[in-house]
Amino acid sequence: MIGIRIALAGNPNVGKTTLFNALTGSRQHVGNWPGVTVEKKTGRINRNGHTIEVIDLPGTYSLTAYSADEVVARDYILEEKPDVVVQVVDATHLERNLYLTTQITELEVPVVIALNMVDEAEATGCTIDRERLSSLLEIPVVRTVGTRGEGLDDLLDAAVREAKTSPHHEHIVGYGNEIEAMIASLVGVLAADKDLGDRYPLRWLAARLLEGDENALAKVKESPVSSRVQDILSGTDLDEYEAAMADRRYDVIAAVLPQVRTAGARSMNVSEMIDRVVTDRYLGIPIFLALMWGAFELTFVVAAPFVALIEAGLAWLSAAVAGWLGPAWLASLVGDGIIGGVGSVLVFVPNIFILFLFLSFLEDTGYLARAAFIMDRLMYAIGLPGKAFIPMLIGFGCNVPGIMAARTIEGEKDRLITILVNPFISCSARLPVYILFAGAFFGAAAGAVVFFLYVLGISTAIGSAKLFRHTILPGESSPFIMEMPPYRLPTVGTSLLHTWSRGAMYVRKAGTIILAGALVVWCLASFPFGVEYGSSESLAGSLGRLLEPLVAPLGFDWKIAVALLFGLVAKEVVVGSLGVLYGTGEEGDALSTALLADPGLSAATALALMVFVLLYAPCLATIATIRKEAGSWRWAGFSVAYGLVLAWTLSLIVGRIAPFFLGGA
Amino acid sequence: MEPSDRTAPRGGAVTTLDRIDLGCRCRVVGIRASGALRKRLFAMGMVPGADVEAIRVAPLGDPVEYRVKGYALSMRRAEAGLIEVVLEEE
């Protein structure tokens, strides 16, 4: 059995992931966010006795060292030397797509072009002479329609054939006499270093050096020929060469296109008409806000019956478990610990799935790119790119998907800032805490208090973004240069797959990290043996007394300290914990009465507590997500520490100032 | 071929892309950006010689959407200001 490795390359948004899924039948890692597909996606197929491994490279516009994605794609082709590179080309945007082709062929790997979205191109009346294109580029060109799975067999056949053909010769752009002479003299010098020659195609390396490519310069830095390379490069204007070479590539493409493509009449199409409305000067912003408001309305309205169903199911399960399991401690472990803890997160699953479905729809149609276009000016004022708006918005539902949505952002610093400020956006899990305390202590003004908290959260996020931008993550927000993809009607399958792949991550989290957290809390509340669950004699109680001095200046006692500690698992757990600690259960009325009767709690303290819950360390699931998305525990730790300090300071201030406004309550 | 040949304006005053009125077509004659931004602009088709048309402005006045190399590209005025263009005669 012969193994063949196929690397899939291409511009973002050309249907690469759809094709990858169609080829491999893979259902994993589908979320194709443009920009940050740093993890390689691989899938295997068995075909005619060949084991074919397909590697999905990040979507890139070029193979310079511009972004992490491009370096990943380029280094994969250079270092791992796949047997063949299949470039997925959007037939409706041949010109820009072929620019990448000219760069891939320079890497001297066998290339096959998958001419994708041919149906769309034909719908605009445009025809492409596939064979002519193939002979001009000296690259096999296969017609595919990824969404319908057309052309897959032909594509695999061509790829296997190309991988086995040797020597292969793709057309490589010639840069004209002067540049070619420079390249030739560089190649002559580089060839002296046998090691370099074994690792990299020398013509490619020479061309990149002429363009002033830093990644390429680093590759020759350690070489013995480094000084001679510098001699050649010094005294030349690399910027000029770079422009001239880019120009030549487009010239070659411009010479090819008229021979292979008959353009359809470019009349005002559907995309154009939609854009006229949704990016209209007056209508654009209202439409955007209405869509987002609609997303949240839908999320809650449509999800409500499912949430009720899950709640009922969990209640039934708890009761049933209490009956089945003999020893009281075991019933408590399963009922209070596992079902209570995991259940409090599972009830949000319908909301999450519906929100994701809506967002997948907006993303797959292309509207999200318009939303970024519309909001960019506002976000620029904060020091973030327009795309950062979406993660913040999603954060109101839950910070976990909000932080994951930051993957759309290209600049690494921009992405980190977007991730770090997301926990200050008040997620739906904090609402039960507000409802309990604002309801108990502020009566008719409860709505205004909750509104104040949301505004405080947004202000903190904006303020922190500005602070981070000026301190730990300095720099300009990365330039906003974005392709506006034509609108497409996503297939039901694509949207559902998209939703599932993201939603499943949330469910998995509930089964792992939340489960572990819930078990720890249960142990703390139950041990040592014999104490009443969650009483002051339990470990949780001792811990509360230990923590009490820390939060005493804020006016919080040990019960609140414990509730806040438990709230780290998930913020809504604060309410449940107080219910246990006050001995009233989770029933709102009894608990509010008990809270009101507590002499240690005033309206000012309640407000300080709500501010604390809003801002203090993100919940476990969010912390884990920050770690995963930011790539290190350092950022997760920073987020926790920053949140705690900010929460402590602000709630101290609020607790001290509030009495003056509340009439000394 | 001298690399700088193509950047010479063929007539008409040189201005920058951010000053182009909506619906106007122009030709890129030079890119003032450097480093990563420069490479990015090249990859997106903003090369000397490219025909560009301003299509629409975002509701808050920035960014602006352009048509270049047969597709739609949006960018902030700050970046568009680094692209030198000449208006194309109708």
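These figures come from a predicted structure and were not determined experimentally.

Details of the overall build of chain B
(1) Moving on: Regarding its fold elements, chain B presents two helices and six strands.
(2) Moving on: Counting helices and strands in the order they occur from the N terminus, chain B gives β-β-α-β-β-β-α-β.
(3) Moving on: In chain B, once contacts between residues fewer than 6 apart in sequence are set aside, the share between residues at least 24 apart is 57%.

Let's talk about the domain arrangement of chain A
Residue and element names in this part refer to chain A.
(1) Moving on: Its domain assignment divides chain A into domain 1 (2-165) and domain 2 (177-262).
(2) Moving on: Put simply, the middle of domain 1 and the middle of domain 2, counted by C-alpha atoms, are 25 Å apart.
(3) Moving on: Each side of the interface is counted separately: domain 1 has 26 residues, and domain 2 has 21 residues.
(4) Moving on: In this assembly, domain 1 and domain 2 are joined by five salt bridges.
(5) Moving on: Its salt-bridge partner being lysine 219, residue aspartate 75 comes within 3.6 Å of it at the nearest N-O pair.
(6) Moving on: In this structure, the connection of domain 1 to domain 2 is made through eight residue pairs in polar contact (both at pLDDT 80 or more).
(7) Moving on: Taken together, the elements giving at least two residues each to the side of domain 1 that touches domain 2 come down to helix 2 (68-80), helix 3 (94-105), strand 6 (127-128) and helix 5 (130-137).
(8) Moving on: When residues of the side of domain 1 that touches domain 2 are assigned to their parent elements, the largest contribution, seven residues, is made by helix 3.
(9) Moving on: Looking at the side of domain 1 that touches domain 2 residue by residue, the classes come out as 11 nonpolar, five polar and 10 charged.

Examining the interface of chain B and chain A
(1) Moving on: Taken together, the contact between chain B and chain A spans 37 residues of the former and 48 residues of the latter.
(2) Moving on: Summing both partners gives a buried area of about 3900 Å² for chain B against chain A, and 58% of it is carried by carbon and sulfur.
(3) Moving on: Area buried by chain B at its contact with chain A is led by Lys39, Arg40 and Arg76 of chain B, which between them contribute 20% of it.
(4) Moving on: On the surface where chain B and chain A come into contact, there are six salt bridges.
(5) Moving on: Across the salt bridge formed by lysine 69 of chain B and glutamate 95 of chain A, the nearest N and O atoms sit 3.6 Å from each other.
(6) Moving on: For the side of chain B that touches chain A, the secondary structure elements donating two or more residues are helix 1 (35-43), strand 3 (51-57), strand 4 (64-68) and strand 5 (71-75) of chain B.
(7) Moving on: In terms of residue count, helix 1 of chain B provides more of the side of chain B that touches chain A than any other element does, eight residues in total.

Digging into the state of the cysteines
(1) Moving on: According to the stated counting rule, one finds zero disulfides over all chains in the structure shown.
(2) Moving on: Of all cysteine sulfurs in the structure, the one in cysteine 24 of chain B sits closest to cysteine 26 of chain B, which takes part in no disulfide; the separation is 8.1 Å.

A word on the packing of aromatic side chains
Think of a pair of aromatic rings as described by two things: how far the centres are apart, and how the planes are tilted against each other in angle.
(1) Moving on: Applying the stated rule across the entire model yields 12 aromatic pairs over all chains.
(2) Moving on: With 4.5 Å between their ring centres and 15 degrees between their planes, tyrosine 99 of chain A and tyrosine 250 of chain A make a pair best called stacked. Taken together, the residues span a long stretch of sequence, with tyrosine 99 of chain A in helix 3 and tyrosine 250 of chain A in helix 12 (residues 238-260) at a distance of 151 residues. Side by side, tyrosine 99 of chain A and tyrosine 250 of chain A carry an identical accessibility label, which is buried.
(3) Moving on: An angle of 85 degrees between the planes, with centres 5.8 Å apart, marks the rings of tryptophan 635 of chain A and phenylalanine 638 of chain A as edge-to-face. Of this pair, tryptophan 635 of chain A and phenylalanine 638 of chain A are both found in helix 30 (residues 633-661), three residues apart, which corresponds to roughly one turn of the helix.
(4) Moving on: A relative accessible area of 12% means that tryptophan 635 of chain A is categorised as buried.
(5) Moving on: Of the aromatic side chains, those joined through ring pairs into one cluster are Phe424, Phe468, Trp635, Phe638 and Tyr642 of chain A.
(6) Moving on: Against the face of tyrosine 487 of chain A rests arginine 370 of chain A, its NZ or CZ located 4.1 Å from the ring centre.
(7) Moving on: Over the ring of tyrosine 250 of chain A we find lysine 69 of chain B, and its NZ or CZ is 4.1 Å from the ring centre.

Considerations on the environment of leucine 196 of chain A
Residues and elements named next belong to chain A.
(1) Moving on: Tracing the backbone shows leucine 196 in helix 8 (residues 194-199).
(2) Moving on: Here leucine 196 falls in the buried class, since its relative accessible area comes to 6%.
(3) Moving on: Separated by 23 residues in the primary sequence, leucine 196 and valine 173 have C-alpha atoms spaced 22 Å apart.

With respect to unusual backbone geometry
(1) Moving on: The amide bond that connects aspartate 62 of chain B to the next residue, proline 63 of chain B, takes the cis arrangement and shows omega of -5 degrees.
(2) Moving on: One non-glycine residue, glutamate 108 of chain A, lies in the positive phi region at around 60 degrees.
(3) Moving on: Among the secondary structure elements, glutamate 108 of chain A is positioned in the loop between helix 3 and strand 5 (111-116).
(4) Moving on: Classification of glutamate 108 of chain A by relative accessible area gives partly exposed; the value is 41%.

Notes on the packing of helix 9 (residues 202-210) of chain A against helix 12 of chain A
Residue and element names in this part refer to chain A.
(1) Moving on: As a packed pair, helix 9 and helix 12 sit with axes 8 Å apart at the nearest point and diverge in direction by 125 degrees. When the interaxial angle is binned, helix 9 and helix 12 end up oblique. Counting all contacts with helix 9, which are made through Ala207, Arg208, Leu209 and Leu210, the residues of helix 12 involved are Leu238, Tyr241, Met245 and Arg249.
(2) Moving on: Looking at side-chain class alone, the contact of helix 9 with helix 12 contains six nonpolar, no polar and two charged residues.

Points about the pattern of salt bridges
Here the idea is simple: oppositely charged side chains can pair when their charged atoms come close.
(1) Moving on: Overall, the coordinates contain 36 salt bridges over all chains when judged by the stated rule.
(2) Moving on: Among the salt bridges present, the one from arginine 143 of chain A reaches glutamate 122 of chain A, with a minimum N-O distance of 3.0 Å. Of this pair, arginine 143 of chain A sits in strand 7 (residues 141-143) while glutamate 122 of chain A sits in helix 4 (residues 118-123), placing them 21 residues apart in sequence.
(3) Moving on: Given a relative accessible area of 32%, arginine 143 of chain A falls into the partly exposed group.
(4) Moving on: Of the charged contacts in the structure, one is a salt bridge between aspartate 275 of chain A and arginine 56 of chain B, with a shortest N-O distance of 3.5 Å. Placement of aspartate 275 of chain A in helix 13 (residues 270-278) and of arginine 56 of chain B in strand 3 is noted, with the two residues assigned to different chains. Exposure class is identical for aspartate 275 of chain A and arginine 56 of chain B. Each is buried.
(5) Moving on: The network of salt bridges with shared partners includes Glu106, Glu180, Arg203, Arg208, Glu211 and Arg249 of chain A.

Here's the deal with the confidence of the model for chain B
All names here are of chain B.
(1) Moving on: When pLDDT is averaged along chain B, the result is 84; 86% of the residues meet or exceed 70.
(2) Moving on: Scored below 50 in pLDDT, residues 1-10 shows 14 contacts in the model against residues more than four places distant or in partner chains.
(3) Moving on: Here the prediction assigns the complex a pTM of 0.76, and the interface score ipTM is 0.86.

About the thresholds
- Residues numbered from 1 in each chain as written.
- Chains lettered and ligands numbered in written order.
- Predicted model: local features only at pLDDT ≥ 70, side-chain atom pairs only at ≥ 80, totals over all residues.
- Heavy atoms only, no water.
- Helix = DSSP H or I, 4+ residues; strand = E, 2+ residues; numbered from the N terminus.
- Contact = heavy atoms within 4.5 Å.
- Domains from an automatic or database assignment.
- Salt bridge = Lys/Arg side-chain N within 4 Å of Asp/Glu carboxyl O.
- Polar contact = N/O pair within 3.5 Å; in protein donor to acceptor, adjacent residues only side chain to side chain.
- Nonpolar A, V, L, I, M, F, W, Y, C, P; charged D, E, K, R; others polar.
- Buried area = accessible area lost by both parts, 1.4 Å probe.
- Disulfide = S-S within 2.5 Å.
- Phe/Tyr/Trp six-rings, centres within 6.5 Å; stacked < 30°, edge-to-face > 60°.
- Buried < 20%, exposed > 50% of the residue type's maximum accessible area, 1.4 Å probe, protein only.
- Lys NZ or Arg CZ within 6 Å of the ring centre and 35° of its normal.
- Axes fitted to C-alpha atoms, helices over the stretch in contact; angles between N-to-C directions.
- Parallel < 35°, antiparallel > 145°, perpendicular 65-115°, else oblique.
- pLDDT = per-residue confidence, 0-100.

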